[in-house]
Amino acid sequence: MENKKIPTNFVVNGIPFKVNYKTCNKDGILGTFGAVKQRIRLYKNQGNVKLSKEMIENTYFHELAHCLLWCAGGNWEDELLVQSLGTSLQQYINSAEYE
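Summarised in this report is the structure supplied together with it. Keep in mind the model is a prediction, meaning the values are calculated, not measured. (Residues numbered from 1 in each chain as written. Predicted model: local features only at pLDDT ≥ 70, side-chain atom pairs only at ≥ 80, totals over all residues. Heavy atoms only, no water.)

### What to know about the packing of helix 1 (residues 53–71) against helix 2 (residues 79–95)
Viewed as axis vectors pointing N to C, helix 1 and helix 2 meet at an angle of 120°, and their least axial separation amounts to 8 Å. Between helix 1 and helix 2, the interaxial angle falls into the category oblique. Read as a crossing pair, helix 1 and helix 2 show a hand that is right-handed. Residues Glu 54, Glu 57, Asn 58, Phe 61, His 62, Leu 64, Ala 65, His 66, Leu 68 and Leu 69 of helix 1 lie in contact with helix 2, whose contacting residues are Glu 79, Leu 81, Val 82, Gln 83, Leu 85, Gly 86, Thr 87, Leu 89, Gln 90, Ile 93 and Asn 94. Tallied by class, residues from the contact of helix 1 with helix 2 come to 10 nonpolar, eight polar and three charged. (Axes fitted to C-alpha atoms, helices over the stretch in contact; angles between N-to-C directions. Helix = DSSP H or I, 4+ residues; strand = E, 2+ residues; numbered from the N terminus. Parallel < 35°, antiparallel > 145°, perpendicular 65-115°, else oblique. Left-handed = near helix turned anticlockwise from the far one by under 90°. Contact = heavy atoms within 4.5 Å. Nonpolar A, V, L, I, M, F, W, Y, C, P; charged D, E, K, R; others polar.)

Right, dumping it as structure tokens:
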């Protein structure tokens, strides 16, 4: 799945992370952040329902927020904070204009 906003790997505070995709998840989870395994996992579908590119991108930024807060020693399990930060990052990336 090609999405120029979702990398295959990245580094935060000197820690390398990978991003990978799984094809199916039936329990309502759209993505996960694994601090120990240093990865973000994104699901392409929920059962028989394929997730949209926008939904996967939103999930990526949500999981990235978990990652950034974890690396910074912040409250990375606060879902309200994580969703707000993730959505803010996504809106910034999608709206930034450069000359």
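### Some points on the pairing of strand 1 (residues 9–12)
Residue alternation in strand 1 divides its side chains into a buried set, Phe 10 and Val 12, and an unburied set, Asn 9 and Val 11. Looking at chain direction, strand 1 and strand 2 (residues 15–22) are connected through four bridges and run antiparallel. The residue of strand 2 that forms the bridge with Phe 10 is Phe 17. In this structure, the hairpin formed by strand 1 and strand 2 is closed by a connection of two residues, where Asn 13 is found at a positive phi of approximately 50°. (Buried < 20%, exposed > 50% of the residue type's maximum accessible area, 1.4 Å probe, protein only. Pairing = 2+ DSSP bridges.)

### Considering the environment of Phe 33
Position of Phe 33 among the secondary structure elements: in strand 3 (residues 31–34). What makes Phe 33 buried here is its relative accessible area of 12%. Sequence spacing of Phe 33 and Trp 70 is 37 residues, and the spatial spacing of their C-alpha atoms is 9.8 Å. Apart from the residues within four sequence positions on either side, Phe 33 is in contact with Phe 17, Arg 39, Ile 40, Glu 63, His 66, Cys 67, Trp 70 and Trp 76.

### Details of the pattern of salt bridges
Summed over the entire model, instances satisfying the criterion amount to one salt bridge. In this structure, the salt-bridge partner of Glu 57 is Lys 5, at a minimum N-O distance of 4.0 Å. Taken as a pair, Glu 57 in helix 1 and Lys 5 in the segment before strand 1 lie far apart in primary sequence, 52 residues in all. Glu 57 gets classed as buried once you look at its relative accessible area, which sits at 6%. (Salt bridge = Lys/Arg side-chain N within 4 Å of Asp/Glu carboxyl O.)

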